[in-house]
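Descriptive structure summary
Here is what each chain is made of, one letter per residue.
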Amino acid sequence: MMREAGEATGMPAARRAPPWEALPLVAPFLDAASLASASCVSTSWHAAFAADYLWARLCAQHYPSALALLRHLPDTAGGDRRQQCSPTSSSSPHRGLFALFRSASTRSRALPPPRLALADVAFAVDILAAVSGESILSFAVGAAEAGGGVRNGAGLFLFGVDVGEHNAAIGPAGEWRVRWTAVRTGGGGSRRGDGGARASAAAAAVLMMDAKVPAARAAGAVGFGGSGRGEAGVAAGLPAPGCGGARLEAEVVVELAGEERVVEKVRLGVLCQCRYVSADEGLRYLQHFLL
């Protein structure tokens, strides 16, 4: 009588695949990744590891709220086994539902870059006497050029403009008003994400602020520690974009010197909950009005 291989030599017989009847007993102990891989081994393994009740259990364990959505989603069952083993399809409704919610948890949450660039935007600022409306200081500057010594290593939507050469003085008394307008310059502004191409568009503008500096703040603007220098600022709520979102505020801060309150620098920024927003956030806000 012939002996089976390995018996005469004492060597163990070659390992055999487990009978397919054992597969359903193992399947409930596997995680989602193991189930997905095992279901693509063979037809019998696919029948055991792609059973809908296994994926329903995983959905109930990891994403219980997803079960209520199953009736609202297209039926993903069906198709041949090769298609069902594809990561973009599923062999059961609950497997497709699990894959949908798993992809949601791994998908990047980063917002797309703004379609508007700093090179596309200019700021026009007017400082006026509150009562007479007489112009005290007016200037316009490109956003990309408005550094003005502001420490902005964090990439904030915060700009500084040195205006000392204008020798504009607010004066020791009286209130004043600030008007800040953001303008998209027409005819050749570059947009991000277009491979460097330049898109021509008509000029557009949005009023960021038209507010009066309170009398008490204007009167006490100079005199920090007897240095003869100080600053006064005002913040005003910005109009909400069409998509809503967090409430933003525009802020203008004027740095002053001397008894005549000579304007040395003007800082412009956008705030959200008392913190400056990033440059990209500010540009995403502006593009609702300027593009």
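Residues numbered from 1 in each chain as written. Predicted model: local features only at pLDDT ≥ 70, side-chain atom pairs only at ≥ 80, totals over all residues. Heavy atoms only, no water.

**Digging into a nonpolar patch on the surface**
The following threshold applies: Patch definition: residues above 30% relative accessible area lacking any salt bridge, with like charges linked at up to 9 Å and the nonpolar side chains Val, Leu, Ile, Met, Phe, Trp and Tyr linked at up to 5 Å. Here the Shrake-Rupley method, with its probe set to 1.4 Å, supplies the accessible areas, and only the displayed protein chains count as covering residues. The term salt bridge refers to a pairing of a side-chain nitrogen on Lys or Arg with a carboxyl oxygen on Asp or Glu at a separation within 4 Å. When a residue's accessible area, from a 1.4 Å probe over protein chains only, is under 20% of the maximum for its type it is buried; when over 50% it is exposed; and in between it is partly exposed.
A cluster of nonpolar side chains, Leu69, Leu73 and Leu100, forms an exposed patch at the surface whose accessible area comes to about 220 Å². Its relative accessible area of 34% is what places Leu73 among the partly exposed residues.

**Some points on the UniProt feature "domain: F-box" (unreviewed entry) in the protein**
For clarity, the threshold we go by: UniProt positions are given in the numbering used here, feature names are shortened, and annotations may be inferred rather than shown by experiment. Numbered from the N terminus, helices here are DSSP runs of H or I no shorter than four residues, and strands are runs of E no shorter than two.
UniProt feature "domain: F-box" (unreviewed entry): in the numbering of this structure it lies at residues 21-60. As annotated, residues 21-60 comprises 68% helix and 0% strand, and the C-alpha atoms at either end are separated by 26 Å.

**Some thoughts on the pattern of salt bridges**
Two side chains with opposite charge may pair up if their charged atoms get near one another. Scanning the entire structure with this criterion turns up eight salt bridges. Across the pair Asp126 and Arg179 runs a salt bridge whose closest N-O atoms are separated by 3.4 Å. Linking Asp126 in strand β1 (residues 121-129) with Arg179 in strand β4 (residues 176-184), this pair joins segments that are 53 residues apart in sequence. Between Glu231 and Arg267 there is a salt bridge; the shortest N-O distance is 3.3 Å. With a gap of 36 residues between them, Glu231 in strand β6 (residues 229-237) and Arg267 in strand β8 (residues 262-272) connect regions that are remote in the sequence. The class of Glu231 is partly exposed, set by a relative accessible area of 35%. Connected through salt bridges with shared partners, the residues Glu231, Glu255 and Arg267 form a single ionic network.

**Remarks on the nonpolar core**
Stated formally: The definition of a nonpolar core used throughout is a set of buried Ala, Val, Leu, Ile, Met, Phe, Trp, Tyr and Cys residues joined through side-chain atoms within 4.5 Å.
Ranked by internal contacts, the top residues of the largest apolar core, which has 43 residues, are Phe123, Trp180, Met208, Met209, Val266 and Leu286. Grouped together as the second largest cluster of nonpolar side chains are 16 residues, Ala27, Tyr63, Ala66 and Leu97 included.

**What to know about helix α8 (residues 279-290)**
An α-helical turn contains 3.6 residues, so a residue and the one three or four places further along point in the same direction. Rules: A helix's residues, less one, multiplied by 1.5 Å, set its expected span. In what follows, residue pairs with any heavy atoms lying within 4.5 Å of each other are defined as contacts.
In a regular helix each residue adds 1.5 Å, so 12 residues correspond to 16 Å; α8 covers 16 Å between its end C-alpha atoms and thus fits that length. Looking only at α8, the buried set comprises Ala279, Gly282, Leu283, Arg284, Tyr285, Leu286, Gln287 and Leu290. Where α8 is buried, its residues meet β1, β4 and β5 (204-212).

**As for the sheet that holds β5**
Basically, it comes down to this: Note: two strands are recorded as paired if DSSP finds a minimum of 2 bridges between them. Note on method: axes are straight lines fitted to C-alpha atoms, helices fitted across the in-contact stretch only, with angles between N-to-C directions ranging 0 to 180 degrees.
Within the open sheet, the four strands sit side by side as β2-β1-β4-β5. Their pairing is antiparallel. A single partner strand is all that each edge strand has here, and the edge strands are β2 (135-142) and β5. Looking at each pair of strands side by side, their axes are set apart by 10 degrees on average, direction ignored. Across nine bridges, the pairing between β1 and β4 is antiparallel. Paired with Ala129 across the strands is Trp176, a residue of β4. The sheet contacts of α8 involve β1, β4 and β5, and relative to β5 the element is tilted by about 115 degrees.

**What to know about helix α4 (residues 52-62)**
The line we're drawing: Directions pointing from the helix axis toward each C-beta atom define the arc.
Residues of α4 that are buried include every one of Leu54, Trp55, Leu58 and Cys59, and no others. The buried residues of α4 all sit within an arc of 140 degrees when viewed along its axis, so they share a single face.

**Quick word on the pairing of β4**
Within a regular strand, the side chains alternate between the two sheet faces. When β4 meets β5, the two strands line up antiparallel, connected through eight bridges. Directly across from Arg177, in β5, lies its bridge partner Lys212.

**Regarding the environment of Tyr63**
Rules: Polar contacts, as counted here, are pairs of nitrogen or oxygen atoms within 3.5 Å of one another; within protein the pair requires one atom able to donate a hydrogen and one able to accept it, and residues that are adjacent in sequence qualify only if both atoms are side-chain atoms.
Within the fold, Tyr63 resides in the loop between α4 and α5 (81-84). As a C-alpha pair, Tyr63 and Leu97 span 34 residues in sequence and 9.2 Å in three-dimensional space. If near-sequence neighbours (up to four positions away) are discounted, Tyr63 is found in contact with Leu58, Phe98, Phe101, Arg102 and Ser105. A polar contact of 3.4 Å, which involves the side chain of Tyr63, links it to the side chain of Arg102.

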